[in-house]
Amino acid sequence: MEALLTTFSTPPPLSRIRISSSSSISRVSSAQALPFPSLQAVSLSWRLHPNFGGTISVLCMSRNGCEEGNDFHAYGNSSHRLRSQTQWRSNPSLQLDDFKERFSASFIQLLTWVMLFMSLSFSIGGTPSRALNEENLLFLEAWRTIDRAYIDKTFNGQSWFRYRENALRNEPMNTRAETYTAIKKMAASLDDPFTRFLEPEKFKSLRSGTQGALIGVGLSIGYPAGLSNSSSGLVVISATPGGPAYRAGILSGDILLAIDDSSTESMTIYDAAERLQGLDGSIVELVIQSGSETKHLSLKREKVSLNPVKAKLCKVPRSGIDSPKIGYIKLTTFNQNASGAVREAIETLRSNNVKAFVLDLRDNSGGLFPEGVEIAKLWLDKGVIVYICDSRGIRDIYDTDGSSAMASSEPLAVLVNKGTASASEILVGALKDNKRAAVFGEPTYGKGKIQSVFQLSDGSGLAITVARYETPSHTDIDKVGVIPDHPLPTSLPVDEEGFCGCLQDPSSACYVDGSQMFLR
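Thresholds, definitions, all that
Residues numbered from 1 in each chain as written. Predicted model: local features only at pLDDT ≥ 70, side-chain atom pairs only at ≥ 80, totals over all residues. Heavy atoms only, no water. Disulfide = S-S within 2.5 Å. Buried < 20%, exposed > 50% of the residue type's maximum accessible area, 1.4 Å probe, protein only. Core = buried A, V, L, I, M, F, W, Y, C linked by side-chain atoms within 4.5 Å. Contact = heavy atoms within 4.5 Å. Salt bridge = Lys/Arg side-chain N within 4 Å of Asp/Glu carboxyl O. Helix = DSSP H or I, 4+ residues; strand = E, 2+ residues; numbered from the N terminus. Expected span 1.5 Å × (residues − 1).

Draft legend 1. Structural context of the state of the cysteines. For the structure on display, the rule yields two disulfides. There is a disulfide in this structure between Cys502 and Cys510, and the S-S distance comes to 1.7 Å. The sign of the -90 degrees torsion about the S-S bond sets the Cys502-Cys510 disulfide as left-handed. Taking relative accessible area as the criterion, Cys502 reaches 2% and is therefore assigned buried.

Put into structure tokens, the structure is as follows:
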């Protein structure tokens, strides 16, 4: 999953200068042909108050001719604005040579400004002269959303304005399906697998996945580039505890080779996720590579509840009556309920007089970025949580003053593995760099980009990479991950019952010395 941020507001429209009938336009001069297609330059003049003894003229540029009430556009700064020129009262006896002498320089200057204006407007802000239909407008809405939000302002080394113009001229957009195809093609031109178009049903499915439940097999998947192996296919980041994939024994790091006889070698994670979901009770066939073994599995889809937190009180054996108590919190996803559920778990465990906490983020593939920030605030009394960066550097800083802290003093250990990704890595990085927790396990997945989801006017949407992040020590973990302080036994269970058992049985292969776990 990706770390999801918030949407951006629409920028104000270009300023417009309008000449209305209140200007008392007295005449419109004859059009003067210019060497630009379908464009005329017309001098408009209107009579001033008699006491001023003159008239003022301005230039109107229009593809449809000029008339009273035409819009006059100002594009951004004064160098693009049409400047008014003073035209003195005409003298009927003015000779031709005198006329040329007076006005030739002004006309040349005016023509130069017209040519400059035209070159700028066509190369920067122009749109095709043909009328735009409803499908074109939806495409433009998607184009503007990417233009405002996308992290890479080179847009993968292409002219984003020229792409818009070429698409509007050349891409068929007569039906909604054709428009969706054009938008997908536009997103694909960025060569960013995390920036993609979501048709209305996919957009709805994504939103439901962050709200608590979905129908599928409970797999979170990613691209193998973030891991050390080079196997073809998609990598399993995590299997939701209790879900069909978890019960079938699918593990983090397994490779998903095929879904219903379709190879995943060139499949995006979003296409794969769509194929894994379906009707409740329907069957999906998977081919999984686990180490050297290839498994063919038939899994029945079901409603997978994304209850984000499980908590347990673990007692560490020690001589004497009063055995130390450790509060174990397993956080499986960052949906909209996550921070509230962690807060509730802390309150419950503290009421049982725990002496330390274990926060288990193994196989947590991420979710909502704001939830990761809010959970970090529960553990920190102060400090930076994460830096948000774009192509120009640090754009925003998320920190805390301790006002939301609930457990900022008790010893804390955080458990991670290669299935710990995205928003989970933001939380781990904040706790590690602020020296709030010791981190145990293996390097995390390494997804250092943040996406934001934007809804379009027809119910479809765009997921767009809007930023990258750095940990409080300015570490970019993309494709690297967070490096833990200490390893964990590979046989350490990922469920709460198994973890507590490993704390209590020194003879087991997964034994962890609880008293040593919290030493910095």
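Draft legend 2. How the structure looks around the nonpolar core. Residues Leu359, Trp379 and Val414 are the most contacted members of the largest nonpolar core, which totals 68 residues. When neighbours within four sequence positions are excluded, Val414 is seen to be in contact with Leu359, Leu361, Val428, Leu431, Ala437, Ala438, Val439 and Phe440. Core analysis: the second largest hydrophobic core is formed by 27 residues, Val235, Ile255, Ile269 and Leu286 among them.

Draft legend 3. Broad picture of the pattern of salt bridges. Under the criterion given, the structure shown has 16 salt bridges. Measuring nitrogen to oxygen at the nearest pair gives 3.0 Å for the salt bridge that ties Glu199 to Lys184. You can see Glu199 sitting in the loop between β9 (196-198) and α5 (200-209) and its partner Lys184 sitting in helix α4 (residues 176-188), a full 15 residues away along the chain. Taking the relative accessible area as the measure of exposure, Lys184 reaches 36% and is therefore partly exposed. Through salt bridges with shared partners, a single ionic network connects Glu134, Glu135, Arg176 and Asp458.

Draft legend 4. How the structure looks around helix α9 (residues 369-379). With nine of its 11 residues buried, α9 lies for the most part within the structure. Listing the buried residues of α9 in full gives Phe369, Glu371, Gly372, Val373, Ile375, Ala376, Lys377, Leu378 and Trp379.

Draft legend 5. Region of the structure containing helix α2 (residues 134-149). For α2, built from 16 residues, the straight-helix expectation of 22 Å at 1.5 Å per residue is met to within 8% by its first-to-last C-alpha distance of 23 Å. Within the sequence span of α2, burial applies to Glu135, Asn136, Leu138, Phe139, Leu140, Glu141, Ala142, Trp143, Thr145, Ile146 and Ala149. Its buried side turned inward, α2 meets α3 (160-170), α4, β25 (449-455) and β26 (461-470).

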